[in-house]
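Read off the chains here:
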Amino acid sequence: MAGFLGRIIDYYISRLVDRAVGVKNVFFNGGMVVVIGMISIWMSIFLYVAFYYAYMPAVLHVRPVHLQFKPCEEEKGICSFPSAHIQLTKKQQLLMIGQPYKMYLHMEMPESPANQKLGMFMVCAHLEDKGGTLVNNACRAAMIHYRSHLLHTLYTLIFFPFLVFGSAEEKQTVVVELYSGFEEDPVHPVTDIYVEVQSRHIEIYSAELRVTAHLTGLRHLMFHWPTFSAGVGVVSILFFLAVLIALSWCHHTLKSDFVSNVTGKAYGQEKDWVSGDEESEDDDDDDETKDSQKLDTAFTGEIDDDVLEGESSEHGQKATRKKDSSLEESVETLK
């Protein structure tokens, strides 16, 4: 009875231990999946961000343009064309090679009578590298936007409170496109730009140079739809990481199975060899025992034969002695 109860208790204890081990394995595997998943997600985000900053160029570069001119000594006004030197970068290169760029010169010009009578004028730009080598040059025509006297009067009547308090001004921003598809030369990267406005009667409040990247294809998609492109990029990288992890896991599993099979076969062969050696040793021992038994039997047979021969010789001697004694008695009786 006690043995029966002990077996039942051992059975339930073993079941509880197996369930505990199974729960532990489930939690462990689940934790590993969660950890690997989180690491994969963060790695996908990091790789997409790194790819974005490596693949996407800076979309806009803005540099102020400080125009300089030579003043006249005898009369009012300027005696040279306004010009400026613009340093894009102090480094070796600023623009990305292979990426088309557009260059614009933005000029704030007052709607003064001098500018309205100015008409068309030329704006030229010279691009040079760090060594002073001329890379490219371009000239574009520009003029202030025309407004009739009626439109100018209506604009002044409508916006006169803002004009009085200074929140609005009678000025225009003239945009001159110097380059529409400029690409950086890898041998002579542009570091300096020289701008010249070829008019001595122009009046300019301020000016600035804007270099914008003309994005196309994937770069256009990544810049104008960043959320969508980021989601697609992260999911794609996560998919490739999942494929790599699955292939690594399959390789590890197959390798472990192969190693276990090979070691099992080697252990079986070694066991067979050991058992064969033991059997051969047993056979040799049996043969040796049989040979020793044969030798013992042969030796004992020889000893028995010697003993029998000795006994037969003793009986023969006794018989001859009896014959001799009987002959002697018969002779004595005859006498």
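*Asks:* Can you explain the overall build of the protein chain? Please cite residues and give values.
*Replies:* Scanning the protein chain from terminus to terminus reveals six helices and eight strands. Within the protein chain, buried positions represent 20% of all 335 residues. Partitioning the contacts of the protein chain with sequence separation of at least 6, the portion at a separation of at least 24 is 78%.

*Asks:* Tell me about a nonpolar patch on the surface, residues and numbers included.
*Replies:* A cluster of nonpolar side chains, contributed by Leu5, Ile8, Ile9, Tyr11, Tyr12, Ile13, Val17 and Val21, occupies part of the molecular surface with about 740 Å² of accessible area. Within the secondary structure, Val21 sits in helix α1 (residues 2-55). Val21 sits in the partly exposed class, given a relative accessible area of 43%.

*Asks:* Mind laying out the pattern of salt bridges, listing which residues take part and the relevant values?
*Replies:* Enumeration according to the criterion identifies four salt bridges in this entry. With a closest N to O distance of 3.9 Å, Lys171 and Glu169 form a salt bridge. Residue classification places Lys171 among the partly exposed positions, given a relative accessible area of 31%. You can call Glu169 partly exposed: its relative accessible area is 42%. Linking Arg210 and Glu208 is a salt bridge whose minimum nitrogen-to-oxygen distance equals 2.7 Å. You can call Arg210 partly exposed: its relative accessible area is 30%. One network of salt bridges, with partners in common, ties together Glu108, Glu169 and Lys171.

*Asks:* An account of the state of the cysteines is requested, with residue identities and associated values reported.
*Replies:* All chains considered together, the criterion is met by two disulfides. A sulfur-sulfur distance of 1.5 Å marks the disulfide that ties Cys72 to Cys79. Here the disulfide of Cys72 and Cys79 is right-handed, its torsion about the S-S bond being about 125°. Note on Cys72: relative accessible area 14%, which makes it buried. Residue Cys79 is classed as partly exposed on the basis of its relative accessible area of 38%. Here Cys124 pairs with Cys139 through a disulfide, and the sulfurs are 2.1 Å apart. Residues Cys124 and Cys139 are joined through a disulfide that is right-handed, its torsion about the S-S bond being 110°. Placement of the pair is Cys124 in strand β4 (residues 121-128) and Cys139 in strand β5 (residues 134-142), with a sequence separation of 15 residues.

*Asks:* So, the packing of aromatic side chains: which residues are in play, and what are the values?
*Replies:* Counting across every chain of the model gives seven aromatic pairs. Ring centres 4.8 Å apart and planes at 40° place the aromatic pair Tyr155 and Phe159 in the tilted group. Classification of Tyr155 as partly exposed rests on a relative accessible area of 22%. The interplanar angle of 55° and the centroid separation of 5.6 Å between the aromatic rings of Tyr179 and Phe182 together place this pair among those described as tilted. Taken as a pair, Tyr179 and Phe182 share a single burial class, namely buried. Directly above the aromatic system of Tyr155 lies the positively charged group of Arg147, at a separation of 4.7 Å from the ring centroid. Sitting over the ring of Tyr55, Arg219 keeps its end group 4.4 Å from the ring centre.

*Asks:* Tell me what's going on with the environment of Ser236, and back it up with residues and numbers.
*Replies:* Here Ser236 lies in helix α6 (residues 226-334). Residues Ser236 and Ser44, spaced 192 residues apart in sequence, show a C-alpha to C-alpha distance of 8.5 Å.

*Asks:* With reference to specific residues and values, describe the environment of Phe51.
*Replies:* Within the fold, Phe51 resides in helix α1. Taking the relative accessible area as the measure of exposure, Phe51 reaches 38% and is therefore partly exposed. Excluding anything up to four places from it in sequence, Phe51 contacts Met56, Leu218 and Met222.

*Asks:* If you had to explain the sheet that holds strand β8 (residues 206-213) to someone new, which residues and values would you point to?
*Replies:* Strand-to-strand pairing in sheets goes through backbone hydrogen bonds, with the strands running parallel or antiparallel. Spatially, four strands are ordered β1-β8-β3-β6 in an open sheet, and the strand pairing comes out antiparallel. This sheet does not close on itself; its edge strands, each paired only once, are β1 (60-65) and β6 (171-182). This sheet shows a mean twist of 20° between the axes of neighbouring strands, independent of strand direction. Pairing geometry for β1 and β8, over six bridges, is antiparallel.

*Asks:* Please provide a residue-by-residue account of the sheet that holds β5, values included.
*Replies:* Across the sheet, which stays open at both edges, the four strands sit in the order β2-β7-β4-β5 with antiparallel pairing between neighbours. Pairing within the sheet leaves two strands with one partner each, and these edge strands are β2 (83-87) and β5. Mean inter-strand twist for the sheet, computed between neighbouring axes without regard to direction, equals 15°. Here seven bridges tie β4 to strand β7 (residues 192-198), and the two strands are oriented antiparallel to one another.

Each value, and the rule that gives it
Residues numbered from 1 in each chain as written. Predicted model: local features only at pLDDT ≥ 70, side-chain atom pairs only at ≥ 80, totals over all residues. Heavy atoms only, no water. Helix = DSSP H or I, 4+ residues; strand = E, 2+ residues; numbered from the N terminus. Buried < 20%, exposed > 50% of the residue type's maximum accessible area, 1.4 Å probe, protein only. Contact = heavy atoms within 4.5 Å. Patch = residues over 30% accessible without salt bridge, like charges linked within 9 Å, V, L, I, M, F, W, Y side chains within 5 Å. Areas by Shrake-Rupley, 256 points an atom, 1.4 Å probe, with all protein chains shown as cover. Salt bridge = Lys/Arg side-chain N within 4 Å of Asp/Glu carboxyl O. Disulfide = S-S within 2.5 Å. Phe/Tyr/Trp six-rings, centres within 6.5 Å; stacked < 30°, edge-to-face > 60°. Lys NZ or Arg CZ within 6 Å of the ring centre and 35° of its normal. Pairing = 2+ DSSP bridges. Axes fitted to C-alpha atoms, helices over the stretch in contact; angles between N-to-C directions.

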